[in-house]
Amino acid sequence: QVQLVESGGGLVQPGGSLRLSCAASGSIFSINAMDWYRQAPGKQRELVAHITSGGSTNYADSVKGRFTISRDNAKNTVYLQMNSLKPEDTAVYYCNSVVTVVAGTFPRNYWGQGTQVTVSS
């Protein structure tokens, strides 16, 4: 089984910064894409940032220029550096990874448990 564990959430003032981490562990052959999603109260979960195994990235328009996704393949970890945070960034942030558990099998999506980010003065 594969586990994703997020950390780094918390309360921050507008304009502040936070760095989220998500570490994958368990039976892992390889990790393809790694993503960060978020879900605010009463809203649908949305894709925030995406990174491929080769390091190519994509971002939601709302976070471009403020958030940076990166990964450490040796540690099976993905990061989200969030700068210039706004109250509308308040949400539960979830890590998602596409993982191949056994060579030659189809990859599967795995989700972390989520970490709360609150931007408020």
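Rules and cut-offs
- Residues numbered from 1 in each chain as written.
- Predicted model: local features only at pLDDT ≥ 70, side-chain atom pairs only at ≥ 80, totals over all residues.
- Heavy atoms only, no water.
- Helix = DSSP H or I, 4+ residues; strand = E, 2+ residues; numbered from the N terminus.
- Rg over C-alpha atoms; globule rule 2.2 N^0.38 Å.
- Buried < 20%, exposed > 50% of the residue type's maximum accessible area, 1.4 Å probe, protein only.
- Contact = heavy atoms within 4.5 Å.
- Areas by Shrake-Rupley, 256 points an atom, 1.4 Å probe, with all protein chains shown as cover.
- Lys, Arg positive; Asp, Glu negative; His and termini not counted.
- Charge placed at Lys NZ, Arg CZ, Asp CG, Glu CD.
- Phe/Tyr/Trp six-rings, centres within 6.5 Å; stacked < 30°, edge-to-face > 60°.
- Lys NZ or Arg CZ within 6 Å of the ring centre and 35° of its normal.

A. Seen up close, the overall build of the protein. A tally of helices and strands in the protein yields zero helices and 11 strands. Listing the helices and strands of the protein from first to last along the sequence gives β-β-β-β-β-β-β-β-β-β-β. For the protein, whose C-alpha radius of gyration is 14 Å, the value lies close to the compact-globule estimate of 14 Å for 121 residues. Overall size of the protein, expressed as C-alpha extent along the three principal axes, is 50 × 25 × 25 Å. When each of the 121 residues of the protein is scored for burial, the buried share is 40%. For the protein, long-range pairs separated by at least 24 residues make up 55% of all intrachain contacts whose partners lie at least 6 apart in sequence. When the accessible area of the protein is evaluated, it comes to approximately 6,300 Å², of which 49% is carbon and sulfur surface. Looking at charge distribution, the protein has the averaged site of its 10 positive side-chain charges lying 2 Å from that of its 7 negative ones.

B. Inspection of the packing of aromatic side chains at higher detail. One pass over the structure, following the stated rule, counts two aromatic pairs. The ring of Tyr-79 carries Arg-19 above its face, with NZ or CZ at 4.1 Å from the centroid. Sitting over the ring of Trp-111, Arg-45 keeps its end group 4.7 Å from the ring centre.

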